[in-house]
Amino acid sequence: MSQAQVTPAPAEPGFVRGLNLFDATMVVVGVMIGSGIFIVSADMSRLIGSPGWMLMAWVLTGVLTITAALSYGELASMLPHAGGMYIYLREAFSPLWGFLYGWTFFTVIQTGTIAAVAVAFARFLSIIFPPVSETRYIIPPVHITSGYAVSLSTAQVVAILVIAVLTFTNSRGLEYGKIVQNLFTSAKTIALAALILTGLFLGWNGAAVKANFTNMFSLGSHDPSLGVAAASIYGLIVALSVAQVGSLFSADSWHDVTIIAGEVKNPRRNLALAMAFGCSIVIGLYILANVAYLVTLPIDAIKTAPSDRVATAMLQKIFPGYGPVIMAIFIMISTFGCVNALVLSGARAYYAMAKDNLFFARAGVLNKAQTPGWALAVQGVWAAVLVLPRTYDTGTHQYGNLYSDLLNYVISAALLFYILTIAGVFRLRQKRPNADRPYKVIGYPFVPGFYIAGATAVLVILFQYRASTTWPGLVIVLIGAAVYAVVRRKPA
């Protein structure tokens, strides 16, 4: 990745550098592939209306993700320490910005994603084992307000058990987490590749191909909720930008490998390579998966897939009667590996914050297995708590999950932190011009500049056209600023 001589980073006290390039790449791939790729194309197709432009939305996601990964590579090679984005924001700007990211990361981004993916595991287990259900209650919903309740269903119990088991295995040492990660990531990557090949070769549907690939880039009818003209270029730009909510966050968390930099061998080299390789592999698979959907199902069938389960609808078309079970097994493997990667990486961010006296002090202590056991436990408990609350729609009388709202709210804040972090590349070039950078971002300043411009455009459009789920993300960040003022008063 660089012409400069690569020197190994010194080991951080207590951590074991036990992850090689393959292991680090497996973390990147494992944390990116969850359940989103099997679902979000339905909503994206409704927003955009055109099969060709839906594919372009995924291409745009790929370009933004890979340019971001290339930019993060410079930061990772320069600051190869446990903590990832928390460290980069702290060093580039100030401890306040590092804390605001860490606060949002703990309260919603990481723990909310762990809860969401664990519940997805339970939902698909219910297809194989019906007693696991979100409507089979051990404790029926207890309403806190008219729109919110707390419950404990058998599906919620399974989700909590998944979080507990993976928190425990990761607390027993890096080797345990690595074995689980490599096993399940390899399995789900093979499963996703098999799904793609099945769609391309067994699911090829002449009628679907004709419908989807004839005038595939025509300006379709966009989601009317966008409030823009469907046949206009501006309307298309808005639809593509809003659709990034699904695709970008199906490909999110690729940077989590930088959080565990303290346990990666030769991190100055391997972190940048792992992000580049991992993101390229996943984005390639995601685009091919959508091609497989489009050669099997007409765009209207993708838009109306039951419960938005596009991959299940594709397999049901190819293997009538067996599709849901096959897909359930695929997604259970995928989500289990994803939760493991999220659990493994997340605790290291709180460890770094605790070292700066910005998190519970015990989170900055390693256990006998040389892992941040207490930080893992706190993360696991809060993620399990986020499984319990439910939203209630008084119009439809249906229960949803609070974490879904939280994740929607935090999208704007997450994009803001990504933009700031990559702006940190420019800031640190000025602030520390002579710092050792074994890898410098390819195409500087154009590559990081492209990401900042593209992500900022998406963020502006989200504020304009999805305000109700965008502004609350900034409220969460502002609450973090108040918390920071209190925490900084505490003695070191």
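Let us look at the structure shown here. (Residues numbered from 1 in each chain as written. Predicted model: local features only at pLDDT ≥ 70, side-chain atom pairs only at ≥ 80, totals over all residues. Heavy atoms only, no water.)

### Topic: the overall build of the protein chain
Scanning the protein chain from N- to C-terminus turns up 18 helices and 4 strands. Computed over the C-alpha atoms, the radius of gyration of the protein chain is 22 Å, within 12% of the 23 Å expected from 2.2 N^0.38 for a compact globule of 492 residues. Expressed along its principal axes, the backbone C-alpha trace of the protein chain runs to roughly 60 × 55 × 40 Å. Total accessible area on the protein chain stands at roughly 18,900 Å², and carbon and sulfur atoms take up 68% of it. Considering the protein chain, the positive charge centre built from 30 side chains and the negative charge centre built from 17 side chains are found 5 Å apart. (Helix = DSSP H or I, 4+ residues; strand = E, 2+ residues; numbered from the N terminus. Rg over C-alpha atoms; globule rule 2.2 N^0.38 Å. Areas by Shrake-Rupley, 256 points an atom, 1.4 Å probe, with all protein chains shown as cover. Lys, Arg positive; Asp, Glu negative; His and termini not counted. Charge placed at Lys NZ, Arg CZ, Asp CG, Glu CD.)

### Quick notes on the nonpolar core
Grouped together as the largest cluster of nonpolar side chains are 158 residues, with contacts concentrated most on Phe38, Leu192, Leu195, Trp254, Tyr293, Leu415 and Tyr451. Per-element accounting of this core gives the leading share, 18 residues, to helix α14 (residues 323-355). (Core = buried A, V, L, I, M, F, W, Y, C linked by side-chain atoms within 4.5 Å. Buried < 20%, exposed > 50% of the residue type's maximum accessible area, 1.4 Å probe, protein only.)

### A short note on the side chain of Glu74
Residue position: Glu74 is located in helix α3 (residues 51-78). Engagement of the side chain of Glu74 in a polar contact is seen with the backbone nitrogen of Val441, the distance being 2.9 Å. Apart from residues lying up to four places away in sequence, Glu74 is in contact with Val425, Arg429, Arg437, Tyr439, Lys440 and Val441. (Polar contact = N/O pair within 3.5 Å; in protein donor to acceptor, adjacent residues only side chain to side chain. Contact = heavy atoms within 4.5 Å.)

### Quick look at the packing of helix α1 (residues 21-32) against helix α11 (residues 267-296)
Packing of α1 against α11 leaves a shortest axis separation of 8 Å and a crossing angle of 40°. It follows from the interaxial angle that α1 and α11 lie oblique. The chirality of how α1 crosses α11 is right-handed. Residues Leu21, Ala24, Thr25, Val28, Val29 and Met32 of α1 form the contact with α11, whose own contacting residues are Arg269, Asn270, Leu273, Ala274, Met275, Phe277, Gly278, Cys279, Val282 and Tyr286. Here the residues of the contact of α1 with α11 are counted per class, giving 12 nonpolar, 3 polar and 1 charged. (Axes fitted to C-alpha atoms, helices over the stretch in contact; angles between N-to-C directions. Parallel < 35°, antiparallel > 145°, perpendicular 65-115°, else oblique. Left-handed = near helix turned anticlockwise from the far one by under 90°. Nonpolar A, V, L, I, M, F, W, Y, C, P; charged D, E, K, R; others polar.)

### Considerations on the packing of helix α4 (residues 85-92) against helix α5 (residues 95-128)
When two helices pack together, their arrangement is given by the angle between the helix axes and by the axis-to-axis distance. Look at α4 against α5: their axes get within 6 Å of each other, and the N-to-C directions meet at 155°. The orientation of α4 with respect to α5, classified from their angle, is roughly antiparallel. Considering how the two elements wind past one another, α4 and α5 form a crossing that is right-handed. Here Met85, Tyr86, Leu89 and Arg90 of α4 lie close against α5, whose contacting residues are Pro95, Trp97, Gly98, Phe99 and Tyr101.

### Observations regarding the packing of aromatic side chains
As enumerated under the stated definition, the model contains 21 aromatic pairs in all. Between Trp53 and Phe217, the ring centres sit 5.2 Å apart and the planes meet at 80°, which makes this aromatic pair edge-to-face. Within this pair, whereas Trp53 is found in helix α3, its partner Phe217 is found in the loop between α8 (206-213) and α9 (233-250), the two being separated by 164 residues in sequence. Plain terms: the ring middles of Phe184 and Phe336 are 4.7 Å apart, the flat faces sit at 40° to each other, and that makes the pair tilted. Placement of Phe184 in helix α7 (residues 174-202) and of Phe336 in helix α14 is noted, with a sequence separation of 152 residues between them. In this structure an aromatic cluster arises from ring pairing among Tyr101, Phe105, Phe106, Tyr350, Phe359, Phe360, Trp374 and Phe417. Positioned above the aromatic ring of Phe124, the side-chain terminus of Arg309 is 4.6 Å from the ring centre. In this arrangement the basic side chain of Arg429 is found over the ring face of Tyr444, its NZ or CZ atom lying 3.8 Å from the centre. (Phe/Tyr/Trp six-rings, centres within 6.5 Å; stacked < 30°, edge-to-face > 60°. Lys NZ or Arg CZ within 6 Å of the ring centre and 35° of its normal.)

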